[in-house]
Amino acid sequence: MTATLVAKDLAGGYAHRILFEGLDLTVAPGDVVGVVGSNGAGKSTLLRILAGELAPLSGTVSRAPSDAFIGWLPQEHDRVVDETVGQYVARRTGCAAAARAMDAAAAVLGDENAPADAADVYAAALDHWLATGAADLDERLPAVLADLGLDTGDVAPESALMTGLSGGQAARVGLAALLCSRFDTVLLDEPTNDLDLEGLERLEDVVRGMRGGVVLVSHDREFLARSVTRVLEIDLAQHTNTVYGGGYESYLEEREVARRHRREEYEEYADKKADLVARARTQREWSSQGVRNAMKKAPDNDKNRRKAATESSEKQAQKVRQMESRIARLEEVVEPRKEWVLEFSIGAAPRSSSVVSTLNEAVIRQGDFTLGPVSVQVNAGERIGITGPNGAGKSTLLRLILGRSEPDEGSAALGANVSIGEIDQARGLFTGDEPLAARFEGFVPDYTTADVRTLLAKFGLKADHVDRAVDDLSPGERTRAALALLQARGTNVLVLDEPTNHLDLAAIEQLESALASYDGALLLVTHDRRMLANVNVDRRWHVEKGRVAEL
């Protein structure tokens, strides 16, 4: 089925805060619309509204035809206890819900007191069940999972529990759900998170090959550049939303031109208004001075001179009124609001020993997986980019290098005066039910409560964030808290494991800028192709099948 999704004059947010309004968007078959904006701008809220999961504050969302199948895949894999991969995919593709609806309709139809329209309801439920692809999902899924290389050991991939999968494995299951889906229009929220380079390329192929329209939220610049046909920007600072035709690179150019024009228009308006105001002030001063002079020079009995002076002052007053009228007729140009920009640096610690870490023929075994033998050395100030497929052993390698795991064979040695700063893939420092401010204070005992709150505010984490449990924060907010910690604590060895996950585009660019001035050792694990290109690394390691190769 070919379907079109239309949003008209849409407003979204919460009762106390409107995130966007007046939003118009049409998504037709073949469209791939990338939604961009800062964290908290309302991108995920928009997807939920388009999916029918959340009611808009105003405006409408319509589908043509009305029974078009809209699929929404949230950014975080909502893993249910005891749910298998097969059950998860059935739920994400809508097949499970369609099966329940069909079973319920069949039960009603079989009741001797069934309503007159029971047969029609069942027929509609059956048609939808077939449209979702539920009839042969169990046959298609194993082949898709095998093609994606999902390895779950002795358990068949479709029977493995979702709660037992790594982030990378869960990302592949999410990709499998997309491949198995039969959506007419699909809504994707951060689909690139935790995918390796192979998975990213596969996702790009899937998105480009979708039969219907696609609306996706992503902060992966290369993925956006390769995939989208249009860009919808939700600008929280200006409280505007704009659809840009063309791809991502075209959007960047058009946005820069538009911002420059808005600034130039405002400055021209401000200069013109300031000039008119200054001239009006001068005219008023001349008028007042003229009256005072006339009163001083003209004797009371010299009516002619006094009349002439009065007429002259009235002319000056008329000029003032004309000038004020010109000011009032000026078409006001609102000053573009200054965007909040994350600006930070990475705290420096005293220099470590010249050799940060050494692995010599190190081997570590974890169940059926073996990493090694590995012989590598990390020197002070060295910048190393690390890539490899999911499950290849990158995180295990980092634990060996940082002295957090002991090798089963060979040796591992950590240098002296090593101060490690880290953003791990799970943002593990910021999990639990403790309030954010209290958790942060525990990491920086020298900071006062006021200092902590001031620092977190610089990272966009303000009063409504710092007293919330860290588990209640969004992934992007937890990542910004981790960045704030890097600034607060000195480090001479920086370990970043997929740091761009959940960060908005502006924050990613600021992180790249901070890394440019950081002079300690850097271990950067990322699948963000633009970050790898923008951050100057001295060496590249590729980890695959438990082996480490220098590129």
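Note that the coordinates shown come from a computational prediction; the quantities given were computed from them, not determined experimentally.

Novice: Now, about the packing of helix α2 (residues 85-92) against helix α5 (residues 137-147): what can you tell me, with residues and values included?
Specialist: Packed helix pairs are specified by the crossing angle of their axes together with the interaxial distance, meaning the distance between the axes. At a closest axis distance of 11 Å, the pairing of α2 and α5 adopts a crossing angle of 110°. Relative to α5, the element α2 lies roughly perpendicular. In terms of crossing hand, the pair formed by α2 and α5 is right-handed. Counting all contacts with α2, which are made through V85, G86, V89 and A90, the residues of α5 involved are L137, L141 and L145.

Novice: Requested: an account of the environment of L402, with residues and values cited.
Specialist: By the element assignment, L402 lies in the loop between α11 (394-401) and β13 (409-414). L402 sits twelve residues away from L414 along the chain, and the two C-alpha atoms are 6.8 Å apart. Excluding residues that lie within four positions of it along the chain, L402 makes contacts with L414, I420, V493 and V495.

Novice: Talk me through the pairing of strand β6 (residues 185-189); I want residue IDs and the actual numbers.
Specialist: Burial within β6 is extensive, with five of its five residues counted as buried. Sheet analysis places strand β5 (residues 70-73) next to β6, joined by four bridges and oriented parallel. Note on β6: the bridge partner recorded for I70 is T185. Bridging between β6 and strand β7 (residues 213-217) involves five bridges; their strand directions are parallel. Its bridge partner lying in β7, T185 is registered against G213.

Novice: A description of the sheet that holds strand β11 (residues 369-379) should follow, citing residues and the corresponding values.
Specialist: Spatially, β11-β10-β13 is the arrangement adopted by the three strands of the open sheet, whose pairing is antiparallel. Edge positions in the open sheet fall to β11 and β13, since each of these has one partner strand only. Between one strand axis and the next, the sheet turns through 15° on average, direction left out of account. In the sheet, strand β10 (residues 355-366) pairs with β11 via eight bridges, with the strands oriented antiparallel. Residue pairing in the sheet places T358 in a bridge with Q377 of β11. Along the sheet, α11 makes contact with β10, β11 and β13, crossing β10 at roughly 130°.

Novice: Tell me about the pattern of salt bridges, residues and numbers included.
Specialist: Side chains that differ in charge, positive against negative, can pair when their charged atoms come close. Applying the stated rule across the entire model yields 23 salt bridges. The partner of D147 in a salt bridge is R202, with the nearest N and O atoms 2.6 Å apart. Here D147, found in helix α5, pairs with R202, found in helix α7 (residues 197-209); they are 55 residues apart in sequence, far enough to count as distant. What makes D147 partly exposed here is its relative accessible area of 46%. Owing to a relative accessible area of 26%, R202 belongs among the partly exposed residues under this scheme. Between E233 and R255 there is a salt bridge; the shortest N-O distance is 3.8 Å. With E233 in strand β8 (residues 230-235) and R255 in helix α9 (residues 248-297), this pair connects stretches of sequence that are 22 residues apart. Classification of R255 by relative accessible area gives buried; the value is 18%. Linked by salt bridges that have partners in common, E204, D220, E222, R226, E249, R529 and R530 make up one network.

Novice: Can you tell me about helix α16 (residues 505-516), naming the residues and giving the values?
Specialist: Every α-helical turn comprises 3.6 residues, leaving residues that sit three or four positions apart pointing alike. Here α16 is twelve residues long and its end C-alpha atoms lie 17 Å apart, about the 16 Å a rise of 1.5 Å per residue gives. When we look at burial in α16, the residues that qualify are L505, A507, I508, Q510, L511, E512, A514 and L515.

So, how was this worked out
- Residues numbered from 1 in each chain as written.
- Predicted model: local features only at pLDDT ≥ 70, side-chain atom pairs only at ≥ 80, totals over all residues.
- Heavy atoms only, no water.
- Axes fitted to C-alpha atoms, helices over the stretch in contact; angles between N-to-C directions.
- Helix = DSSP H or I, 4+ residues; strand = E, 2+ residues; numbered from the N terminus.
- Parallel < 35°, antiparallel > 145°, perpendicular 65-115°, else oblique.
- Left-handed = near helix turned anticlockwise from the far one by under 90°.
- Contact = heavy atoms within 4.5 Å.
- Buried < 20%, exposed > 50% of the residue type's maximum accessible area, 1.4 Å probe, protein only.
- Pairing = 2+ DSSP bridges.
- Salt bridge = Lys/Arg side-chain N within 4 Å of Asp/Glu carboxyl O.
- Expected span 1.5 Å × (residues − 1).

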